[in-house]
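# Geometric and topological summary
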Amino acid sequence: MNEISFDNNWEQLGKYPIVTEHDIVKIRQLVRHHAKEARMGIVEQTRITTAVSELFRNMFNYAEGGDVLIERGNIDGKNALIVTCIDQGPGIEDLELAMSDGYTSGMGMGYGLPGTKRLVDRFEIQSEKDKGTIVRVMKWR
Amino acid sequence: MNIDLHEKKIPIIKIRDFLIVSIQVDMHDKLAIQLQSQILEEIEKTGAKGVLIDISVLEMVDSFIGRMLSGMASMAAIMDAAVVIVGMQPSVAITLVELGLEMPGVDTALNMEKGIEMLEERLSNYNTL
(Lines give C-alpha, C1' and ligand atoms only; values in the text may rest on other atoms or scores of the structure.)
Protein backbone atom coordinates (compact mmCIF):
# COMPACT_ATOMS: atom_id res chain seq x y z
CA MET A 1 0.00 0.00 0.00
CA ASN A 2 1.25 3.47 -0.88
CA GLU A 3 2.29 5.74 1.93
CA ILE A 4 0.01 8.69 2.49
CA SER A 5 2.00 11.74 1.48
CA PHE A 6 1.98 15.08 3.22
CA ASP A 7 4.11 16.67 0.57
CA ASN A 8 1.39 18.01 -1.69
CA ASN A 9 0.68 21.33 -3.29
CA TRP A 10 -2.67 21.59 -1.63
CA GLU A 11 -4.13 24.62 0.02
CA GLN A 12 -4.56 24.07 3.73
CA LEU A 13 -7.96 25.19 4.98
CA GLY A 14 -7.39 24.25 8.57
CA LYS A 15 -5.98 21.82 11.09
CA TYR A 16 -8.01 20.89 14.13
CA PRO A 17 -7.69 18.50 17.04
CA ILE A 18 -10.49 16.09 17.90
CA VAL A 19 -10.52 15.86 21.68
CA THR A 20 -14.14 15.94 22.77
CA GLU A 21 -17.38 14.83 21.18
CA HIS A 22 -18.21 18.46 20.62
CA ASP A 23 -15.21 18.62 18.31
CA ILE A 24 -16.77 15.84 16.21
CA VAL A 25 -19.84 18.01 15.65
CA LYS A 26 -17.94 21.26 15.18
CA ILE A 27 -15.44 19.94 12.70
CA ARG A 28 -17.92 17.96 10.65
CA GLN A 29 -19.91 21.21 10.33
CA LEU A 30 -16.74 22.92 9.17
CA VAL A 31 -16.22 20.20 6.57
CA ARG A 32 -19.77 20.76 5.35
CA HIS A 33 -19.06 24.47 5.18
CA HIS A 34 -16.06 23.84 2.94
CA ALA A 35 -18.04 21.40 0.79
CA LYS A 36 -20.65 24.11 0.34
CA GLU A 37 -17.93 26.62 -0.54
CA ALA A 38 -16.68 24.17 -3.15
CA ARG A 39 -20.20 24.33 -4.57
CA MET A 40 -20.95 20.67 -4.03
CA GLY A 41 -24.59 19.65 -4.17
CA ILE A 42 -26.55 18.82 -1.07
CA VAL A 43 -26.12 15.05 -1.48
CA GLU A 44 -22.37 15.41 -1.93
CA GLN A 45 -22.19 17.68 1.10
CA THR A 46 -24.10 15.14 3.15
CA ARG A 47 -21.90 12.27 1.96
CA ILE A 48 -18.61 13.92 2.89
CA THR A 49 -19.99 15.24 6.20
CA THR A 50 -21.27 11.80 7.17
CA ALA A 51 -18.04 10.12 6.07
CA VAL A 52 -15.87 12.40 8.18
CA SER A 53 -18.25 12.08 11.12
CA GLU A 54 -17.63 8.32 11.07
CA LEU A 55 -13.87 8.85 10.88
CA PHE A 56 -13.83 11.45 13.67
CA ARG A 57 -15.83 9.15 15.89
CA ASN A 58 -13.42 6.28 15.24
CA MET A 59 -10.55 8.52 16.33
CA PHE A 60 -12.45 9.66 19.38
CA ASN A 61 -13.52 6.16 20.42
CA TYR A 62 -10.48 4.09 19.61
CA ALA A 63 -7.51 6.44 19.53
CA GLU A 64 -8.32 9.01 22.22
CA GLY A 65 -8.73 11.58 19.49
CA GLY A 66 -6.42 12.89 16.84
CA ASP A 67 -5.90 15.64 14.31
CA VAL A 68 -7.88 16.61 11.26
CA LEU A 69 -6.36 18.34 8.29
CA ILE A 70 -8.72 19.98 5.81
CA GLU A 71 -7.28 20.86 2.44
CA ARG A 72 -8.27 21.81 -1.06
CA GLY A 73 -6.35 20.58 -4.03
CA ASN A 74 -6.33 19.52 -7.62
CA ILE A 75 -6.76 15.77 -8.01
CA ASP A 76 -6.67 14.51 -11.60
CA GLY A 77 -7.97 17.85 -12.80
CA LYS A 78 -10.72 17.98 -10.25
CA ASN A 79 -11.12 20.50 -7.48
CA ALA A 80 -11.17 18.23 -4.44
CA LEU A 81 -11.88 18.68 -0.78
CA ILE A 82 -9.40 16.54 1.11
CA VAL A 83 -9.79 15.55 4.74
CA THR A 84 -7.01 13.69 6.50
CA CYS A 85 -7.48 12.12 9.94
CA ILE A 86 -4.32 11.37 11.88
CA ASP A 87 -4.25 9.52 15.17
CA GLN A 88 -1.69 7.91 17.43
CA GLY A 89 -4.04 5.15 18.47
CA PRO A 90 -3.59 1.38 18.60
CA GLY A 91 -3.64 1.03 14.81
CA ILE A 92 -5.51 -1.53 12.79
CA GLU A 93 -3.90 -4.94 12.77
CA ASP A 94 -5.54 -6.38 9.68
CA LEU A 95 -6.41 -3.58 7.27
CA GLU A 96 -7.76 -5.91 4.63
CA LEU A 97 -10.17 -7.39 7.14
CA ALA A 98 -11.17 -3.97 8.46
CA MET A 99 -11.94 -2.85 4.92
CA SER A 100 -14.12 -5.85 4.11
CA ASP A 101 -17.85 -5.32 4.19
CA GLY A 102 -19.63 -6.59 7.25
CA TYR A 103 -16.55 -6.47 9.40
CA THR A 104 -17.08 -5.22 12.90
CA SER A 105 -14.59 -4.60 15.61
CA GLY A 106 -17.22 -5.84 18.02
CA MET A 107 -17.43 -2.38 19.50
CA GLY A 108 -20.33 -1.28 17.42
CA MET A 109 -18.86 0.14 14.27
CA GLY A 110 -19.93 -2.50 11.80
CA TYR A 111 -20.38 -0.17 8.86
CA GLY A 112 -17.23 1.69 9.69
CA LEU A 113 -14.61 1.87 7.05
CA PRO A 114 -16.23 0.19 4.01
CA GLY A 115 -19.37 2.29 4.49
CA THR A 116 -17.31 5.44 4.80
CA LYS A 117 -15.35 4.52 1.69
CA ARG A 118 -18.55 4.25 -0.32
CA LEU A 119 -19.43 7.85 0.52
CA VAL A 120 -16.30 9.45 -0.90
CA ASP A 121 -14.52 9.63 -4.25
CA ARG A 122 -11.17 8.53 -2.93
CA PHE A 123 -10.21 6.75 0.25
CA GLU A 124 -6.68 6.09 1.49
CA ILE A 125 -5.67 4.41 4.70
CA GLN A 126 -2.39 3.64 6.36
CA SER A 127 -2.06 2.03 9.73
CA GLU A 128 0.63 0.61 11.90
CA LYS A 129 0.01 -1.39 15.03
CA ASP A 130 0.72 0.61 18.19
CA LYS A 131 1.69 3.65 16.10
CA GLY A 132 -1.57 4.95 14.73
CA THR A 133 -3.74 5.35 11.72
CA ILE A 134 -4.04 7.89 8.93
CA VAL A 135 -7.18 8.00 6.84
CA ARG A 136 -7.55 10.41 3.94
CA VAL A 137 -10.81 10.94 2.10
CA MET A 138 -11.41 13.10 -0.96
CA LYS A 139 -14.55 14.42 -2.48
CA TRP A 140 -15.06 16.42 -5.66
CA ARG A 141 -18.01 17.66 -7.60
CA MET B 1 -17.66 29.48 13.15
CA ASN B 2 -19.45 29.78 16.42
CA ILE B 3 -21.71 26.89 17.22
CA ASP B 4 -23.75 26.71 20.33
CA LEU B 5 -23.44 23.23 21.74
CA HIS B 6 -24.42 23.88 25.29
CA GLU B 7 -26.51 21.24 26.88
CA LYS B 8 -29.93 22.42 25.96
CA LYS B 9 -32.53 19.78 26.41
CA ILE B 10 -34.54 18.93 23.35
CA PRO B 11 -38.19 19.67 24.18
CA ILE B 12 -40.73 16.86 24.14
CA ILE B 13 -44.34 17.88 23.57
CA LYS B 14 -47.29 15.68 24.38
CA ILE B 15 -50.42 15.91 22.27
CA ARG B 16 -53.13 13.42 23.15
CA ASP B 17 -51.56 9.96 23.07
CA PHE B 18 -48.43 11.05 21.29
CA LEU B 19 -45.12 12.60 22.07
CA ILE B 20 -43.66 14.96 19.54
CA VAL B 21 -39.95 15.58 19.40
CA SER B 22 -38.38 17.94 16.93
CA ILE B 23 -34.63 17.65 16.67
CA GLN B 24 -33.42 21.12 15.72
CA VAL B 25 -29.71 20.83 16.42
CA ASP B 26 -26.79 18.83 15.15
CA MET B 27 -26.58 16.41 18.06
CA HIS B 28 -23.35 15.31 19.61
CA ASP B 29 -23.29 11.81 21.07
CA LYS B 30 -24.16 12.65 24.66
CA LEU B 31 -27.10 14.77 23.62
CA ALA B 32 -28.39 11.90 21.47
CA ILE B 33 -28.12 9.46 24.36
CA GLN B 34 -29.73 11.94 26.70
CA LEU B 35 -32.63 12.39 24.30
CA GLN B 36 -33.10 8.64 24.17
CA SER B 37 -33.56 8.32 27.91
CA GLN B 38 -35.57 11.53 28.07
CA ILE B 39 -38.10 10.11 25.61
CA LEU B 40 -38.32 6.78 27.42
CA GLU B 41 -38.91 8.56 30.72
CA GLU B 42 -41.61 10.64 29.10
CA ILE B 43 -43.29 7.51 27.71
CA GLU B 44 -43.34 6.06 31.18
CA LYS B 45 -44.63 9.24 32.77
CA THR B 46 -47.39 9.96 30.26
CA GLY B 47 -48.31 6.51 28.98
CA ALA B 48 -47.94 7.81 25.44
CA LYS B 49 -48.63 5.24 22.73
CA GLY B 50 -46.59 6.81 20.03
CA VAL B 51 -43.57 9.01 19.48
CA LEU B 52 -43.02 11.21 16.46
CA ILE B 53 -39.46 12.29 15.92
CA ASP B 54 -39.08 15.07 13.40
CA ILE B 55 -35.63 15.09 11.82
CA SER B 56 -36.50 17.34 8.88
CA VAL B 57 -33.86 19.90 9.78
CA LEU B 58 -31.12 17.32 10.39
CA GLU B 59 -28.54 17.69 7.65
CA MET B 60 -26.92 14.38 8.36
CA VAL B 61 -27.50 11.18 10.24
CA ASP B 62 -24.36 9.18 10.83
CA SER B 63 -24.18 5.63 12.13
CA PHE B 64 -24.26 6.81 15.73
CA ILE B 65 -27.45 8.83 15.42
CA GLY B 66 -28.94 6.13 13.21
CA ARG B 67 -28.26 3.50 15.84
CA MET B 68 -29.64 5.79 18.52
CA LEU B 69 -32.90 6.15 16.58
CA SER B 70 -33.35 2.44 15.92
CA GLY B 71 -32.35 1.61 19.50
CA MET B 72 -34.97 4.02 20.72
CA ALA B 73 -37.62 2.40 18.51
CA SER B 74 -36.90 -1.03 20.02
CA MET B 75 -36.89 0.30 23.56
CA ALA B 76 -40.13 2.19 23.01
CA ALA B 77 -41.71 -0.93 21.51
CA ILE B 78 -40.95 -2.81 24.71
CA MET B 79 -42.73 -0.01 26.53
CA ASP B 80 -45.72 -0.41 24.19
CA ALA B 81 -45.13 2.75 22.22
CA ALA B 82 -44.44 3.07 18.51
CA VAL B 83 -41.79 5.37 17.09
CA VAL B 84 -42.14 7.09 13.75
CA ILE B 85 -39.27 9.07 12.26
CA VAL B 86 -40.63 11.96 10.28
CA GLY B 87 -39.28 14.14 7.50
CA MET B 88 -35.93 12.62 6.67
CA GLN B 89 -34.22 14.67 3.94
CA PRO B 90 -33.59 12.78 0.68
CA SER B 91 -29.84 13.41 0.92
CA VAL B 92 -29.83 11.89 4.41
CA ALA B 93 -31.74 8.82 3.21
CA ILE B 94 -29.34 8.32 0.29
CA THR B 95 -26.31 8.63 2.55
CA LEU B 96 -27.68 6.24 5.16
CA VAL B 97 -28.27 3.53 2.57
CA GLU B 98 -24.83 4.01 1.03
CA LEU B 99 -23.25 3.87 4.43
CA GLY B 100 -24.94 0.50 4.86
CA LEU B 101 -26.90 1.43 7.93
CA GLU B 102 -30.11 -0.45 8.42
CA MET B 103 -32.64 0.72 10.92
CA PRO B 104 -34.73 -2.32 11.77
CA GLY B 105 -38.00 -1.64 13.52
CA VAL B 106 -38.02 2.03 12.61
CA ASP B 107 -41.09 3.32 10.82
CA THR B 108 -40.76 6.45 8.77
CA ALA B 109 -43.21 8.95 7.38
CA LEU B 110 -42.74 11.76 4.90
CA ASN B 111 -44.11 14.44 7.16
CA MET B 112 -45.65 15.03 10.55
CA GLU B 113 -49.23 14.73 9.28
CA LYS B 114 -48.60 11.34 7.68
CA GLY B 115 -46.75 10.26 10.80
CA ILE B 116 -49.71 11.12 13.01
CA GLU B 117 -52.05 9.26 10.64
CA MET B 118 -49.78 6.26 10.86
CA LEU B 119 -49.83 6.26 14.64
CA GLU B 120 -53.57 6.85 14.84
CA GLU B 121 -54.22 3.97 12.51
CA ARG B 122 -52.02 1.75 14.59
CA LEU B 123 -53.78 2.84 17.74
CA SER B 124 -57.26 2.19 16.34
CA ASN B 125 -56.22 -1.26 15.12
CA TYR B 126 -54.84 -1.91 18.53
CA ASN B 127 -58.05 -0.81 20.26
CA THR B 128 -60.25 -3.05 18.13
CA LEU B 129 -58.18 -6.14 18.84
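Residues numbered from 1 in each chain as written. Chains lettered and ligands numbered in written order. Predicted model: local features only at pLDDT ≥ 70, side-chain atom pairs only at ≥ 80, totals over all residues. Heavy atoms only, no water.

Chain B carries the name Anti-sigma factor antagonist in an unreviewed UniProt entry, which gives Draconibacterium orientale as its organism.

In the nomenclature of an unreviewed UniProt entry, chain A corresponds to Serine/threonine protein kinase from the organism Draconibacterium orientale.

## Quick look at the interface of chain A and chain B
How we decide: Any pair of residues with heavy atoms lying within 4.5 Å of one another is described as a contacting pair. Buried area counts how much accessible surface, traced with a 1.4 Å probe, disappears from two parts once they are put together, with both parts' losses summed. By definition here, a salt bridge exists when the distance from a side-chain nitrogen of Lys or Arg to a carboxyl oxygen of Asp or Glu is within 4 Å. Any N or O atom pair separated by 3.5 Å or less is treated as a polar contact, with the protein-specific requirement of one donor-capable and one acceptor-capable atom, and with residues adjacent in sequence counted only for side-chain atom pairs. To qualify as a helix, a DSSP run of H or I must reach at least 4 residues; to qualify as a strand, a run of E must reach at least 2; elements of each kind are numbered from the N terminus.
The partner chain B presents 25 residues to the 26 residues of chain A that form the contact. Of the roughly 2,400 Å² buried at the junction of chain A and chain B (both faces included), carbon and sulfur atoms supply 55%. Taken together, the links from chain A to chain B amount to six salt bridges. When the shortest N-O distance is used, the salt bridge between Arg32(A) and Glu59(B) registers 3.6 Å. At the boundary of chain A with chain B, the tally comes to 16 residue pairs in polar contact (both at pLDDT 80 or more). Residue assignment for the side of chain A that touches chain B shows that the elements contributing at least two residues are helix H1 (21–37), helix H2 (42–62) and helix H4 (112–118) of chain A.

## What to know about the environment of Ile10(B)
Residue and element names in this part refer to chain B. Selection criterion: When a residue's accessible area, from a 1.4 Å probe over protein chains only, is under 20% of the maximum for its type it is buried; when over 50% it is exposed; and in between it is partly exposed.
By the element assignment, Ile 10 lies in the segment before strand E1 (12–15). Using a relative accessible area of 6% as the deciding quantity, one classes Ile 10 as buried. Look past the residues within four positions of Ile 10 in its chain and what remains in contact with it is Val 21, Ser 22, Ile 23, Val 25, Met 27, Leu 31, Leu 35 and Gln 38.

## Here's the deal with the nonpolar core
Heads up, the rule is: In this description, a nonpolar core means a group of buried Ala, Val, Leu, Ile, Met, Phe, Trp, Tyr and Cys residues linked to one another through side-chain atoms lying within 4.5 Å.
Grouped together as the largest cluster of nonpolar side chains are 34 residues, with contacts concentrated most on Val21(B), Ile23(B), Met27(B), Ile39(B) and Ile53(B). Every element with two or more residues in this core is listed here: strand E2 (18–22), helix H1 (29–46), strand E3 (50–54), helix H2 (63–78), strand E4 (82–86) and helix H3 (90–99) of chain B. Considering every element that reaches this core, the biggest residue donor is H2(B), with seven residues. Among residues more than four places away in sequence, those in contact with Ile39(B) are Ile12(B), Leu19(B), Val21(B), Val51(B), Ile53(B) and Met72(B). Membership of the second largest hydrophobic core comes to 29 residues, among which are Val68(A), Val83(A), Leu119(A) and Ile125(A).

## Here's the deal with helix H4 (residues 112–128) of chain B
Residues and elements named next belong to chain B. As a reminder, the rule being used: A helix is expected to reach a length of 1.5 Å times the quantity of its residues less one. The directions considered for the arc run from the helix axis to the C-beta atoms.
Its 17 residues give H4 an end-to-end C-alpha distance of 24 Å, which sits within 8% of 24 Å, the value for a rise of 1.5 Å per residue. Inspection of H4 places Gly 115, Leu 119 and Leu 123 among the buried residues, and these make up the whole buried set. On an axial view of H4, the arc spanned by its buried residues comes to 70 degrees, and they lie on one face. Turned more than 90 degrees off the buried face of H4, the exposed positions are Glu 113, Glu 121 and Thr 128.

## Examining the packing of H1(B) against H2(B)
All names here are of chain B. The cut-off we apply is this: For helices, the fitted axis covers only the stretch in contact; all axes are lines through C-alpha atoms, and the angles between them, taken along N-to-C directions, range from 0 to 180 degrees. Angular relationships are summarised with four words: roughly parallel below 35 degrees, roughly antiparallel beyond 145, roughly perpendicular across 65 to 115, and oblique for the angles in between. Left-handed describes a crossing whose near helix is turned anticlockwise from the far helix through less than a right angle; right-handed describes the clockwise counterpart.
Viewed as axis vectors pointing N to C, H1 and H2 meet at an angle of 15 degrees, and their least axial separation amounts to 10 Å. Taken together, the axes of H1 and H2 are roughly parallel relative to one another. H1 and H2 meet at a crossing whose hand is right-handed. Every residue of H2 that contacts H1 at Asp 29, Ala 32, Ile 33, Gln 36, Ile 39, Leu 40 and Ile 43 is listed here: Phe 64, Met 68, Gly 71, Met 72, Met 75 and Ala 76.

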